[in-house]
Every structure is written in C-alpha cells, then in structure tokens.
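Spelled out from the first residue to the last, the chains are:
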Amino acid sequence: MRTTITIIKCDVGSLAGHHVVPKPILDIGERRLKEAVETGLINSYFVFNAGDDLELLMVHTRGENNEEIHKFAWDTFKEATEKALNLKLYGAGQDMLKEAFSGNIRGMGPGVAEMEIEERASEPIVVFAADKTSVGAFNFPLFKIFADPFNTAGLIIDPNMAGGFKFEVMDLKRHEKVVLKCPEEMYELLALIGSPQNYIISHVWRARDNLLCASTSTTKLSLIAGKYVGKDDPVMIIRAQHGLPALGEILMPFLHSYFVEGWMRGSHWGPLMPVSLKHSKCTVFDGPPRIVGIGFQVSNGKIASDDNGKPLITDLFDDPAFELARREAISYTAIIRRMGEFEPARLSAESMEYTTLPKVLEKLRDRFRPI
Ligand code: F6R
Ligand code: MG
Ligand code: MG
C-alpha cells in the first residue's frame, strides 16, 4: 500500500522572542490535526516544535503535493497566526509570506518535506527538524549517512546497500537539479554539497532499485522574498533499516556538533546542537542552532500507536549519548562568538546581502570617495 509522510512547518509566532512555540499554539495544531483524522483527511499525526517553529507531521494516503493536505496545513497556520496575534506573540505570522493559498504550500513560506512510499514489511522512519539554520544544514549528515563507510557500516557489510545511493542536488540560485551516484561520483557530490548555501540535497534513493529513502525541505525564504525574512529551519524524513542505514547509522553524524549557517539574524555560522523535544528552545545568541529527531513506525497508512490511539514516538536525542555533541556545541559557541561580527563567525558578504546589513551600509553610500 502507498502511504505518504508529510511534515510541514512554520514559524507562526513565538514566546519571549524567537525562542519557543508556546502551548496555546501547539494546542491549535493538536486540535486541528485531530479533526483532520476524524474527517478522514489524514490517518495519524504528531505535533511538536523545533524552537520557534510549529511542526505538523501527518501520515495519509493522498500522495505528495496534495492540495487538500497543503491547504489544511496553511489554514492551520492561519488559525495559529490569529492566536499569536491575539497574544501578541513575537514574530506572529513571520513565515506566512503570501496572502492567500494557491494550490501548493511550497514557495509560500512554510517548509515541507514529503515522501510517498510503498510500505515495507516493517517501516521505521526518522524525522529531523532544526531551528536557527537553513536548508543546507542536512548536506553534511546526509552525506555521512548514505555515502560515508566510516559512518555507515552497512555500506561495506550489507549486500543490499552495496550498489550505493543516488543523491538529488538542487542548485538554489539557478533553480536546477542534478542526480549524482555514490560511490562513483562521490568527489563531484562533495564538490557541490560542500557549499550548503548554494547546493542542497533534496532526495536520496537506493541505487540498485531506486527506493526513495530521504526527502528534505528545500524552501529558501530569502530567495522567495528577495530579502531577509527569517530562517528556513529545515525538516527531513529518512527511512531506516533492512537494506537502508540503521537507525544508529542515521544518528551517528550527530555524535559530534558541526557548523551550520543561519544563526542569530540569519547572519552567522553556528554549531548545531542535538537536543530532546524538552530542550527544543533557542537561548544563547538565539541558539545555538538546534536539531530534534523523532522515530516511529509507519504501519498500514498510519503511525503505529498504542491501544488508546496515541502514536508511538521516540525522542531520539533524549539520550546521554549526545552529551558530547551538546558540550562541543557549547564550547564551539564560546569560541566562535569571540569573533563577534568578524568573518567567518558572520556569513560572507555575499550572503549578508539577504540580511538587514545592506540597510545599514546604505547610509554610508554618499560618504565614499574615489581612491
Ligand atoms: C529569527 C531569528 C532571530 C532573529 C533575531 C532578531 O528566526 O533567528 O535570530 O533574527 O532575534 O529578531 P528581530 O529583528 O525580530 O528583533
Ligand atoms: Mg522566528
Ligand atoms: Mg525558527
């Protein structure tokens, strides 16, 4: 049977700054998605937050880019924005870039990752959501998970993975995409995705049978709006086990922290910190950029649930095994923030064109004289 996993996220407003989604907003997500199950639009759901982003995870059988599903998510964010405005939450509706819904939520502000799959005998799924960073933040772990044999032992040991994986890479500026196969084209792949501001991995397939195994959100808000309008705060879906990377191989890249773009004012590089759902809130210098991960089973078009219908969700970074990465993230924070507004702590001048910095520089324009 074909099942679709959809995660759609949006910053509709947050508490005490760009920090965390408060309960009344999560409650709106919870109520609306419960109703969507009752009306038969979706089969199951899980509502959570990544920092200031409201995350709607939905499992259904309507396929990717389904207008009803996208409109439903848009209307949910609209209602949540109303509430955020009533409470005067900070940044209310900041990612709702368009006035009215027009068929597909892509390009309208909210981020989307979707995957339509033929359910295997057992279908373990991992969903990641990050805050204070942007879409290229997943290039590094996706490469490690699906192409690096020092990360994923299955690439060497499991004959089902021996043919390697294919990566779809999007060129965000030229609006083009290319598919590269590893291990044969590993160097070319790295040549592209090592620039995560320009190239992002959007899908991964197992090469021998084209089994779809990873899908990421690809929205770059600044490129839609032409200016700084907030973070892209990406999401991704990965299938695990049985001829695909094991859950532990998918989590392995997060043993260490690594640097991502998009911290404070969308203008800085910062260390990514894996955290539990409980610690999914941004503090120091509006961060450090954080990532949460949840695991579940997709079963007969639904998220496998307990006897009361409650989805069985595991909070993957709620584990002392990630203390090292958290400690690294904090110590990298202390190191890089000593640099203040000097590169490479701040993004390159080219990337800063999409921030509020040009407005500041504009004031000096008339004072420059030829050398
Ligand atoms: C927003 C974000 C924050 C803000 C910063 C300034 O998603 O990541 O770092 O850019 O807090 O926000 P304003 O200009 O709204 O005061
Ligand atoms: Mg925000
Ligand atoms: Mg955010």
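Residues numbered from 1 in each chain as written. Chains lettered and ligands numbered in written order. Predicted model: local features only at pLDDT ≥ 70, side-chain atom pairs only at ≥ 80, totals over all residues. Heavy atoms only, no water.

## Examining the confidence of the model for the protein
Then, number 1: In the predicted model, the protein carries a mean pLDDT of 95, and the fraction of residues at 70 or more is 97%.
Then, number 2: Here helix 6 (residues 221–225) is the element of the protein with the lowest mean pLDDT, 67, and helix 7 (residues 247–251) is the one with the highest, 99. (pLDDT = per-residue confidence, 0-100. Helix = DSSP H or I, 4+ residues; strand = E, 2+ residues; numbered from the N terminus.)

## As for the packing of aromatic side chains
Then, number 1: Taken as a whole and assessed by the stated rule, the structure comprises 10 aromatic pairs.
Then, number 2: Aromatic pair Phe-128 and Phe-254: ring centres 5.1 Å apart, planes at 40°, arrangement tilted. Taken as a pair, Phe-128 in strand 5 (residues 123–131) and Phe-254 in the loop between helix 7 and strand 11 (259–262) lie far apart in primary sequence, 126 residues in all. For the pair Phe-128 and Phe-254, one class covers both residues: buried.
Then, number 3: Taken together, Phe-128, Phe-140, Phe-254, Tyr-258, Phe-317 and Phe-322 form an aromatic cluster joined through their ring pairs. (Phe/Tyr/Trp six-rings, centres within 6.5 Å; stacked < 30°, edge-to-face > 60°. Buried < 20%, exposed > 50% of the residue type's maximum accessible area, 1.4 Å probe, protein only.)

## Notes on the sheet that holds strand 4 (residues 111–118)
Sheets are built from strands that pair by backbone hydrogen bonding, the pairs being arranged parallel or antiparallel.
Then, number 1: One open sheet accounts for 4 strands, arranged 2-3-1-4; its pairing is antiparallel. Each of the sheet's edge strands pairs with one partner strand only, and the pair in question is strand 2 (44–50) and strand 4. Going across the sheet, the axis of each strand differs from the next one's by a mean of 15°, ignoring polarity.
Then, number 2: By the bridge criterion, 7 bridges tie strand 1 (residues 2–10) to strand 3 (residues 53–60) in an arrangement that is antiparallel. Residue Ile-8 lies in a different strand from strand 3, and its bridge partner there is Leu-56.
Then, number 3: This element, helix 1 (residues 23–38), spans strand 2 and strand 3 of the sheet and lies at about 165° to strand 2.
Then, number 4: Seen against the sheet, helix 2 (residues 67–86) touches strand 1, strand 3 and strand 4 and runs at an angle of roughly 150° to strand 3. (Pairing = 2+ DSSP bridges. Axes fitted to C-alpha atoms, helices over the stretch in contact; angles between N-to-C directions. Contact = heavy atoms within 4.5 Å.)

## As for the coordination of the magnesium ion (ligand 2)
Then, number 1: Looking at the magnesium ion (ligand 2), one finds its protein donor set to be Asp-11 (OD), His-18 (ND1) and Asp-52 (OD), positioned 2.0 to 2.4 Å from the metal centre.
Then, number 2: Written as a sequence motif, the donor arrangement for the magnesium ion (ligand 2) is D-x6-H-x33-D.
Then, number 3: A residue is classified by how much of its surface remains accessible, and Asp-52, at 2% relative accessible area, is buried. (Donors = N, O, S within 2.8 Å, 3.2 Å for Na, K, Ca; no water.)

## Topic: the coordination of the magnesium ion (ligand 3)
Around a metal, the ideal angle is 109.5 degrees if four donors adopt a tetrahedral arrangement and 90 or 180 degrees if six donors adopt an octahedral arrangement.
Then, number 1: Within the protein, the magnesium ion (ligand 3) binds to Asp-52 (OD), Asp-53 (OD), Asp-131 (OD) and Asp-233 (OD); these donor distances fall in the range 2.0 to 2.2 Å.
Then, number 2: Taken in sequence order, the residues that donate to the magnesium ion (ligand 3) follow the motif D-D-x77-D-x101-D.
Then, number 3: Separating the magnesium ion (ligand 3) from the magnesium ion (ligand 2) is a distance of 4.3 Å, and Asp-52 supplies a donor atom to each of them. Linking Asp-53 in strand 3 with Asp-131 in strand 5, this pair joins segments that are 78 residues apart in sequence.
Then, number 4: Exposure remark for Asp-53: the relative accessible area of 0% places this residue in the buried category.
Then, number 5: A relative accessible area of 1% means that Asp-131 is categorised as buried.

## Quick word on the pairing of strand 3
Then, number 1: For strand 3, a buried count of 8 out of 8 residues is recorded, marking the element as mostly surrounded by other parts of the structure.
Then, number 2: Here strand 3 shows a buried face lined by Asp-53, Glu-55, Leu-57 and Val-59 and a second buried face lined by Leu-54, Leu-56, Met-58 and His-60.
Then, number 3: Inspection of the sheet shows strand 2 paired to strand 3 by 7 bridges, in the antiparallel sense. By the bridge assignment, Asn-49 is partnered in strand 3 with Leu-54.
Then, number 4: Between strand 2 and the antiparallel strand that follows it, strand 3, lie 2 residues; Gly-51 among them carries a positive phi value of about 55°.

## Brief notes about the nonpolar core
Then, number 1: Of all hydrophobic cores here, the largest spans 40 residues; its most connected members are Phe-128, Leu-142, Phe-146, Phe-165, Phe-167, Val-204 and Ile-238.
Then, number 2: When residues of this core are assigned to their parent elements, the largest contribution, 5 residues, is made by helix 3 (residues 139–147).
Then, number 3: Sequence-distant contacts of Val-204, defined by excluding residues within four places in its chain, comprise Leu-142, Phe-146, Phe-165, Lys-166, Phe-167, Leu-211, Leu-212, Cys-213 and Ala-214.
Then, number 4: With 28 residues, the next largest nonpolar core counts Ile-25, Leu-41, Leu-54 and Val-112 among its residues. (Core = buried A, V, L, I, M, F, W, Y, C linked by side-chain atoms within 4.5 Å.)

## Notes on unusual backbone geometry
Then, number 1: Here the amide bond leading from Cys-182 into Pro-183 is cis, since omega sits at 15°, within 30 degrees of zero.
Then, number 2: Locating Pro-183 in the fold gives a position in the loop between strand 7 (176–182) and helix 5 (186–193).
Then, number 3: For the peptide bond that leads from Gly-287 to Pro-288, omega is -10°, which places it in the cis range.
Then, number 4: Mapped onto the secondary structure, Pro-288 falls in the loop between strand 13 (273–274) and strand 14 (290–299).
Then, number 5: Residue Lys-132 is not a glycine yet carries a positive backbone phi of 65°.
Then, number 6: Within the secondary structure, Lys-132 is located in the loop between strand 5 and helix 3.
Then, number 7: Using a relative accessible area of 3% as the deciding quantity, one classes Lys-132 as buried.
Then, number 8: Look at His-175: it is not a glycine, yet its phi comes out positive at around 55°.
Then, number 9: Its location among the elements puts His-175 in the loop between strand 6 (165–171) and strand 7.

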